[in-house]
Amino acid sequence: VEPEAKLLFVVRIVGIIKLSPKPRKVLQLLRLKQLHNGVFLKVNKPILQMLKLVQPYVTYGYPSLKTVRALVYKRGHGKVTKQRIPLTDNQIIADKLGEKGLHGMEDLIHEIYTVGPNFKQAANFLWPFKLSAPRGGFKCKRHGYCEMKGGDWGNREE
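Residues numbered from 1 in each chain as written. Predicted model: local features only at pLDDT ≥ 70, side-chain atom pairs only at ≥ 80, totals over all residues. Heavy atoms only, no water.

**Q** Explain the sheet that holds strand β1 (residues 7-12) to me, please; I cannot follow it from the model alone.
**A** Either a parallel or an antiparallel arrangement is found when strands of a sheet pair, and the pairing is made through backbone hydrogen bonds. If you trace the five strands from one edge of the open sheet to the other, you get β6-β2-β1-β3-β7, paired in mixed fashion. Pairing within the sheet leaves two strands with one partner each, and these edge strands are β6 (129-130) and β7 (154-155). Summarising the sheet, strand β3 (residues 58-61) and β7 pair through two bridges and their orientation is parallel. Following the sheet pairing, Y60 is matched in β7 by N155. (Pairing = 2+ DSSP bridges. Helix = DSSP H or I, 4+ residues; strand = E, 2+ residues; numbered from the N terminus.)

Written out as structure tokens, the structure reads:
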């Protein structure tokens, strides 16, 4: 039996129209303020409870190291003085997270993937990823009560 994954990648797949206050607040707390925004989260009980509340509005899974690296290198932006700055060189990371022992891209990727002791600071430093819509669209974003659990939302496991 493989050990349980410690890292989640969550993507918002529903917009803001007709969203009740509780799920809206949870999505806000998870920093998923826009459609197709993605964030890395630690797997723990409160996070899983929050995901249960917003399950129909997000899709999530357990990313591989390759996926984490591709996301950070391609779409990684840092939060520097409340501004979204592209991660062009290691100096940006070193200035912000140097005292935590994270001096470059690979340190940041390693900290996120292993969910290390400074995961909270590293994940918070990364601006939520702005992803593009999937090519070919979603299979089905929603489902009613009488239908099978199909579609794109919820846990994807991959």
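**Q** How do you make sense of the nonpolar core when you look at a structure like this?
**A** The nonpolar side chains of a soluble globular protein tend to be buried, and buried together. By size, the foremost hydrophobic cluster in this structure holds 23 residues, and its most contacted members are F40, V72, L87, L108, I112 and L126. Sorting the residues of this core by element identifies β1, α3 (65-75), α4 (90-97), α5 (105-114) and α6 (119-125) as the ones contributing at least two each. Once residues within four sequence positions are removed from consideration, F40 is found in contact with L7, L8, F9, P63, V68, L71, V72, I112, F119, A123, L126 and F129. Counting residues in each nonpolar core, the second largest holds 18 residues, with I13, L19, V39 and M50 among its members. (Core = buried A, V, L, I, M, F, W, Y, C linked by side-chain atoms within 4.5 Å. Buried < 20%, exposed > 50% of the residue type's maximum accessible area, 1.4 Å probe, protein only. Contact = heavy atoms within 4.5 Å.)

**Q** Can you walk me through α5 in this structure?
**A** Helical geometry: 3.6 residues make up each α-helical turn, so side chains three or four residues apart lie on a common side. Within α5, the full set of buried residues consists of M105, L108, I109, E111 and I112. All buried residues of α5 fall inside an arc of 165 degrees around its axis, so they share one side. Next to the buried residues of α5 lie β1, β2 (37-42), α3, α4 and α6. Where α5 ends, the next residue or the one after it, V115, has phi of about 50 degrees, a positive value. (Arc of directions from axis to C-beta.)

**Q** What exactly am I supposed to notice about α3 here?
**A** When we look at burial in α3, the residues that qualify are V68, L71 and V72. On an axial view of α3, the arc spanned by its buried residues comes to 90 degrees, and they lie on one face. Opposite the buried face of α3, by more than 90 degrees, sit the exposed residues K66 and K74. Turning to α3, the residues buried within the fold contact β1, β2, α5 and β6.

**Q** How should the environment of R84 be read in this particular structure?
**A** If you trace the backbone, R84 turns up in strand β5 (residues 83-86). Given a relative accessible area of 31%, R84 falls into the partly exposed group. Expressed as a C-alpha distance, the spacing of R84 and L126, which sit 42 residues apart in the sequence, is 8.9 Å. Once you skip the residues sitting within four places of it in the chain, R84 turns out to touch H77, G78, W127 and K130. Reaching out from R84, the side chain makes a polar contact with the side chain of H77 at a distance of 3.3 Å. (Polar contact = N/O pair within 3.5 Å; in protein donor to acceptor, adjacent residues only side chain to side chain.)

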